[in-house]
Amino acid sequence: MTLRLYNTLTKTKEDFDPLNPAKVRMYVCGPTVYDFAHIGNARPAIVFDVLFRLLRHTYGDAHVIYVRNITDVDDKINARAAERNISIRDLTEETARIYAEDIAALGCLPPTVTPRATEHIAQMIRIIEQLIAAGHAYEADGHVLFDVSSKADYGKLARRSLDEMIAGARVDVAPYKKGAMDFVLWKPSDAATPGWESPWGRGRPGWHIECSAMAGEYLGETFDIHGGGIDLMFPHHENEIAQSEGAHHGHPLAKVWMHNGFLQVEGEKMSKSLGNFVTIRDHLPISDKFGGRSWDGHTLRFAMLQTHYRQPIDWTVEGLKAAEKVLARWKEVLNSFPVALQSDIQPPVRFMAALEDDLNLPQAIAEMHSLADAARRGSYQAAQELSRAGEIIGISWIDVQSQSQEYQIRQAVADLSDEDGSIRELVEARNVARKAKNFAESDRIRDELLARGIVLKDGPQGTTWEVKR
């Protein structure tokens, strides 16, 4: 089946036809490293990691180049460094390291290239010079700005007119700007602010020019896929298109533009004011954000993949619990086969068909449920295909297995409340079996509960239960 991807630029699902199948190229906007990555930042990292894996499977590992940048020059970085009374370099090094650790915990492969903005200032200056020469940019009061009126099709990604964009955007008002929507390519730096020498004086780049420079450096003027969150579509991606096409004689920046949907937490927009702002790190075992409750990275990944990448996702604790249970059950099924599962088999056909249909992960996971059911009935082939499908979407069964004992203990703690009455039902059934001297059944029920981490204790007052530790 041919890989089909939804192109935000054309608003249609298209057959993916790379410019060069021997060198498939993808760029995804990475983090601005001034603070821990929140859980919404995990979504593009996971979504485009799945696409990276799928492209590598289709075209070969050596034939796919994935670039995800690090923005390490930004006014937010300057403000946070001053707030913490540390150097900007120390802040960006620390935050970039933590981001890499958190994303690795989610099972994401490292990109082929991870460029830093501060290491590509010369490329940014060169593009700005090209834009000035082409009449798309102008210098004013120590700044260099992109002249939006010079680009007749500005707004083609967002599909909005200039008036609509002005009305819907928070526009920086400045006396040196020719037009309200003109955006900064270069701005001056004082002695206390990071800066580099340029033809326009000591200064620093605007945000948008950074990605154009880094993408062009490693992927060329035109490449196959540009990805990111839907919040970046305007103005960031719109401005990337304008300045890259303006500098490169109208050549398109990317053939396909892909955007993942928004994330909300427990039904509400995530914000610090609502008290529901959570980072990737808050969820992991190293944190006690959730009152001692935590999840391994593969559970976070699997929970994220339950919703189609283009749709909004509601991030909930219940969703995490459900994802954790599914992975634990699937791992238990795979462990039940005494013969080692082979990892070099072809992935299941219907699973791959779902993935190749614009990364339809919910359908792909439904196919995995079917495989798990067949494996539970004893199908070795289904078990192999389930294992392989997990590998394709980045689920490491070894890592899931390492969490199984911790999962059982945590699940047992949750089960102590016995909200659904299942423990009491089993205890009563065991008591009936004991009275009937059906000790085989009594022992079976005891062992079933023990497998869930529940230890039964028989005493004069009846049977009680506690967590196995």
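Residues numbered from 1 in each chain as written. Predicted model: local features only at pLDDT ≥ 70, side-chain atom pairs only at ≥ 80, totals over all residues. Heavy atoms only, no water.

(A) Expanded view of the side chain of Gln243. Residue placement: Gln243 occurs in helix α7 (residues 233–247). Reaching out from Gln243, the side chain makes a polar contact with the side chain of Ser212 at a distance of 2.9 Å. Leave out the neighbours within four places in its chain, and Gln243 touches Leu131, Phe146, Phe183, Leu185, His208, Ile209 and Ser212. (Helix = DSSP H or I, 4+ residues; strand = E, 2+ residues; numbered from the N terminus. Polar contact = N/O pair within 3.5 Å; in protein donor to acceptor, adjacent residues only side chain to side chain. Contact = heavy atoms within 4.5 Å.)

(B) Layout of the state of the cysteines. Using the criterion set out here, one finds zero disulfides in the structure. Cys211 forms no disulfide, and the closest cysteine sulfur to it belongs to Cys29, at a distance of 3.9 Å. Using a relative accessible area of 2% as the deciding quantity, one classes Cys211 as buried. (Disulfide = S-S within 2.5 Å. Buried < 20%, exposed > 50% of the residue type's maximum accessible area, 1.4 Å probe, protein only.)

(C) The packing of aromatic side chains, seen in detail. Enumeration according to the criterion identifies seven aromatic pairs in this entry. Taking the centre distance of 4.9 Å and the plane angle of 55° together, the rings of Phe52 and Tyr66 count as tilted. Taken together, the residues span a long stretch of sequence, with Phe52 in helix α1 (residues 39–59) and Tyr66 in strand β4 (residues 64–68) at a distance of 14 residues. Judged by relative accessible area, which is 2%, Phe52 ranks as buried. Note on Phe302 and Trp330: the rings are 5.5 Å apart at their centroids and 70° apart in plane angle, and the pair reads as edge-to-face. Taken together, the positions of Phe302 in helix α9 (residues 297–304) and Trp330 in helix α10 (residues 317–335) put the pair 28 residues apart, joining distant regions of the chain. (Phe/Tyr/Trp six-rings, centres within 6.5 Å; stacked < 30°, edge-to-face > 60°.)

Keep in mind that these numbers describe shape and distance, not what the molecule does.
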